[in-house]
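This is what each chain is made of:
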Amino acid sequence: MSDIHGFYDDMIKMHEQIAFADEDTLIFAGDYIDRGSQSFEMLKWIESNPKNVIFLRGNHDEEFAYSIDLMYGILSQNECSESSLDDTKLIYELLRQLSLKQGNGVNFFDHYGTIRELIEKQGVTLEVLKRWADRIRNMAFFYRLEVSGKQIVVVHAGYIESLAGVDTDDTFDTLEDFYLYARDDAYIYGGLEHGIVVAGHTPTTLEEELPYNDGNVYKSYDEEMDCTFYDIDCGCASRNRRSNAKLACLRLDDEKIFYV
């Protein structure tokens, strides 16, 4: 599964539909927060370390952790307490004002207002936020496994073995940037030779994007690499605006797809 984006209830419905059991393993390809109204529930659930669940990092999770790092940097320079809600609010507001003054800086600090909601509506302190950010930092960027003799990589945006000599449309300074942010490049330049790449990041509801499939899981095959691509981000985050948006789950054993 991928790109839950704060739709915790839908994720639980999917658990029920697939009858997730102790003998199963569930892999999440990132972006647990932002856009939806239940980022708090998602973060609490992740912190509970649910059994047989592998969490990978998405760009929204990475950006959340980066914003918390900025807040913690302010804390360390001032006589503030990480367990104080008032101090947490003070530090947040200071950084928000600094971001606004820098113009495009607002794009990097709590762009979706998730941290603000966690603080104001849930009373979450910087101590808790830092704990969640640390949990995200411990998430891998991709997960590789073998199913029925087939090599599979699950990643948030795209997978590529090396950026050396690759002239991508966008600029990726590191492999990690590709894992988190690749869109068309994931299919044009990325892939796993003789394998399967399962990713999310780019909703299949967007007609202007390569993996468009009217809100259904997108599947393509690269004959040169002998690689099958799946995009399982079916736009759950936009379900309040798009009638074709949904949450998807791909079962790797037989490549069956489930929707909520």
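Structural data are supplied above this passage.
The text that follows walks through the structure, step by step, so that each part is easy to find. The written sequence of each chain sets the order in which its residues are numbered from 1. Note on the predicted model: pLDDT of at least 70 is required for a residue's local features to be given, and 80 or more for side-chain atom pairs to be given and counted; whole-chain, interface and lining totals, by contrast, use all residues. The side-chain values count all of the structure's non-hydrogen atoms but skip hydrogen atoms and water molecules.

## Re the overall build of the protein
Inference 1: Helix and strand definitions here come from DSSP, where helices need a minimum of 4 consecutive H or I residues and strands a minimum of 2 consecutive E residues; each element is numbered from the N-terminal end. When you go through the protein residue by residue, the secondary structure sums to 8 helices and 9 strands.
Inference 2: Radius of gyration: C-alpha atoms only; globule rule: 2.2 Å multiplied by the number of residues to the exponent 0.38. What you see for the protein is a C-alpha radius of gyration of 19 Å, in line with the 18 Å of a compact globule of 260 residues.
Inference 3: Counting only C-alpha atoms and orienting by the principal axes, one finds that the protein spans roughly 60 × 45 × 35 Å.
Inference 4: The burial tally for the protein puts 50% of its 260 residues in the buried class.
Inference 5: Residue contacts follow a heavy-atom distance rule, with two residues in contact if any of their heavy atoms lie within 4.5 Å. Counted over contacts in the protein with a minimum sequence separation of 6, partners at least 24 positions apart contribute 66%.
Inference 6: Note that accessible areas follow from Shrake-Rupley with a 1.4 Å probe, and for residues the cover is restricted to the protein chains shown. As displayed, the protein has an accessible area near 12,600 Å², and 44% of this comes from carbon and sulfur atoms. Exposure categories follow from relative accessible area, calculated using a 1.4 Å probe and restricted to protein chains: below 20% of the type maximum is buried, above 50% is exposed, and the middle band is partly exposed.

## Describing helix α3 (residues 59–76)
Inference 1: Each helix should span, by expectation, one fewer than its residue count multiplied by 1.5 Å. With 18 residues, α3 ought to run about 26 Å at 1.5 Å a step, and its terminal C-alpha atoms sit 26 Å apart, in line with that.
Inference 2: Along α3, the positions that sit buried rather than exposed are N59, H60, D61, F64, A65, S67, I68, M71, I74 and L75.
Inference 3: Its buried side turned inward, α3 meets α2 (39–47), α4 (85–101), α5 (114–122), α6 (126–137) and α7 (175–181).

## Some words on the environment of E255
Inference 1: Positionally, E255 belongs in the loop between β8 (248–251) and β9 (256–259).
Inference 2: Not counting residues up to four positions away in its chain, the partners in contact with E255 are I196, K219, Y230 and L250.
Inference 3: In the analysis that follows, any N or O atom pair within 3.5 Å is treated as a polar contact, provided that within protein one partner can donate a hydrogen and the other can accept it, and provided that, for residues neighboring in sequence, both atoms belong to side chains. A polar side-chain atom of E255 sits 2.3 Å from a polar atom in the side chain of Y230.

## A few points about the pairing of strand β5 (residues 195–199)
Inference 1: Burial runs high along β5: 5 of the 5 residues are buried.
Inference 2: A pair of strands is labelled paired if DSSP reports no fewer than 2 bridges between them. Pairing analysis gives 4 bridges linking strand β4 (residues 150–155) to β5, with the strands arranged parallel. In the sheet register, I152 faces β5, and the bridge partner there is I196.
Inference 3: Direction of pairing for β5 relative to strand β7 (residues 227–231): parallel, over a ladder of 4 bridges. By the bridge assignment, A199 is partnered in β7 with D231.

## Some points on the pairing of β4
Inference 1: Where strand β3 (residues 142–147) lies against β4, 6 bridges are found, and the strand directions are antiparallel. Bridged to L145 within β4 is I152.
Inference 2: Where β3 hands over to β4, the hairpin turn is made up of 2 residues, of which S148 adopts a positive phi near 55°.

## Focus: the sheet that holds β7
Inference 1: Taken together, the 5 strands give an open sheet; going across it, the order is β3-β4-β5-β7-β6, and neighbouring strands pair in mixed fashion. Every interior strand has two partners, whereas the edge strands, β3 and β6 (218–222), have only one. Neighbour-to-neighbour, the strand axes of the sheet open up by a mean angle of 20°, direction not taken into account. Lines fitted to the C-alpha atoms define the axes, with helices restricted to the stretch that makes contact. Angles between their N-to-C directions range from 0 to 180 degrees.

## So, the pattern of salt bridges
Inference 1: Any Lys or Arg side-chain nitrogen located within 4 Å of an Asp or Glu carboxyl oxygen qualifies as a salt bridge. Counted according to the given criterion, the structure contains 11 salt bridges.
Inference 2: Of the charged contacts, one joins K130 and D134 as a salt bridge, the two residues approaching to 3.1 Å between their closest N and O atoms. Taken together, the residues span about one helical turn, with K130 and D134 both in helix α6 at a distance of 4 residues.
Inference 3: What makes D134 partly exposed here is its relative accessible area of 34%.
Inference 4: In the salt-bridge network here, residues are joined through shared partners; they are R57, E62, D69 and R137.

## Here's the deal with α2
Inference 1: Buried within α2 are the following residues: S39, M42, L43, W45 and I46. Along the axis of α2, the buried positions cluster into a sector of 160°, meaning they face one direction only.
Inference 2: Those residues of α2 that are buried lie in contact with α1 (8–18), β1 (26–28), β2 (53–55), α3, α5 and α6.
Inference 3: N49 lies just past α2 and shows a positive phi near 50°. Relevant arc is that of directions from the helix axis to the C-beta atoms, nothing else.

Nothing here speaks to function; it is geometry throughout.
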